[in-house]
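Commentary on secondary and tertiary structure
This is what each chain is made of:
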Amino acid sequence: MDRQEAQQIYGGPWYHTADGGVIESLDPLRAEDVARVVGPIREHLHREIAPEARVLDLGCATGRYSFVMEEMGAIVTGLDCVDWSIAYAQGLATRWQRRCMFVVGDFDHLPFAPDSFDLALFPQNIVETSYRQMERLVEQLSSILVRGGKLCLWMRDNLITALAKGNASGYDPATGVLASHFRAGEYEPVPYNCCFWTVGFARHVVERHFTMLSCEPVSDGFWLVFTNNG
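The sections below set out a description of the structure shown in this document.

Thresholds, definitions, all that
Residues numbered from 1 in each chain as written. Predicted model: local features only at pLDDT ≥ 70, side-chain atom pairs only at ≥ 80, totals over all residues. Heavy atoms only, no water. Axes fitted to C-alpha atoms, helices over the stretch in contact; angles between N-to-C directions. Helix = DSSP H or I, 4+ residues; strand = E, 2+ residues; numbered from the N terminus. Parallel < 35°, antiparallel > 145°, perpendicular 65-115°, else oblique. Contact = heavy atoms within 4.5 Å. Nonpolar A, V, L, I, M, F, W, Y, C, P; charged D, E, K, R; others polar. Core = buried A, V, L, I, M, F, W, Y, C linked by side-chain atoms within 4.5 Å. Buried < 20%, exposed > 50% of the residue type's maximum accessible area, 1.4 Å probe, protein only. Disulfide = S-S within 2.5 Å. Pairing = 2+ DSSP bridges. Right-handed = clockwise from strand over helix to strand, strands pointing away.

1. Overview of the packing of helix H2 (residues 31–38) against helix H4 (residues 64–71)
- Axis separation between H2 and H4 bottoms out at 10 Å; the angle between their running directions is 85 degrees. Accordingly, the angle class assigned to the pair H2 and H4 is roughly perpendicular. Between H2, through Val34, Val37 and Val38, and H4, the contact on the second element is made entirely by Arg64, Tyr65 and Val68.
- Split by residue class, the contact of H2 with H4 holds 5 nonpolar, no polar and 1 charged.

2. Details of the nonpolar core
- Judged by nonpolar contacts, the single largest core of 33 residues is most densely connected at Ile41, Leu45, Tyr65, Met69, Phe102, Leu121 and Trp223.
- Those elements giving two or more residues to this core turn out to be H2, H4, helix H5 (83–96), strand E4 (117–123), strand E5 (145–155) and strand E11 (221–228).
- Among the elements that make up this core, the one with the highest residue count is H5 (6 residues).
- Counting 29 residues, the second largest nonpolar core, distinct from the first, contains Phe107, Leu110, Val205 and Phe210.

3. Considering the state of the cysteines
- Counted according to the given criterion, the structure contains 0 disulfides.
- Looking at the unpaired cysteine 195, the closest cysteine sulfur is the one in cysteine 194, lying at 7.7 Å.

4. Observations concerning the pairing of strand E2 (residues 75–80)
- Along E2, 5 of the 6 residues are buried, which leaves the element largely enclosed by surrounding structure.
- Of the strand pairs in this sheet, strand E1 (residues 54–58) and E2 are connected by 5 bridges, and their pairing is parallel. Bridging from a neighbouring strand, aspartate 57 pairs with glycine 78 of E2.
- Assessed by its sense of winding, the connection that carries the chain from E1 through H4 to E2 is right-handed.
- Here E2 pairs with strand E3 (residues 101–104) via 4 bridges, running parallel. Each residue of the ladder has a partner; that of glycine 78, found in E3, is phenylalanine 102.
- Of the crossover connections in this fold, the one passing from E2 over H5 to the parallel E3 is right-handed.

Following this line, the structure appears as structure tokens:
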């Protein structure tokens, strides 16, 4: 997603309370929402995360997955391009005396050295990532993940969704963009342009640098695990 667009959507008033808190299921303080969001892949994460594994949470928002993975024994760094969400997550980490670290950055320029991580988690964010951005992201991950490190991707298949709905209006086949708007209550809608991703095409992009180990149906999507060819 374009960084400016992300700031506009995720920095909008619909995600915030008057006292500076966070509404909706973005808030790691809401245990029931975290359980609902993370629940479908919890066992899959457990299977992949070794004790003291260095894990990168891509598009971490306020750290829902990050804090859960730390509880599983990982040393987690969360990255997101929205300043307020990183500040909120880091505030929680400080308050809870957690090891999680949170960094402002974007997928075009990951601010990490080679061999910094053993595993990267990319949960449900691919729909907000352009084809060019994903290619750039995967190229960088092949360097910042150790050889044999893993990329775990949780995604929906937009073709399955479109066929189920019988509607793919707003789809640009040249770019993969699904032009749409984000709507929240009484607020004016703002642009929210996603990309049309299928599991097969995600594999095609990622396997330029990685090898797929498994692909399993999970909830209403798929859990894919890749290993870094180095």
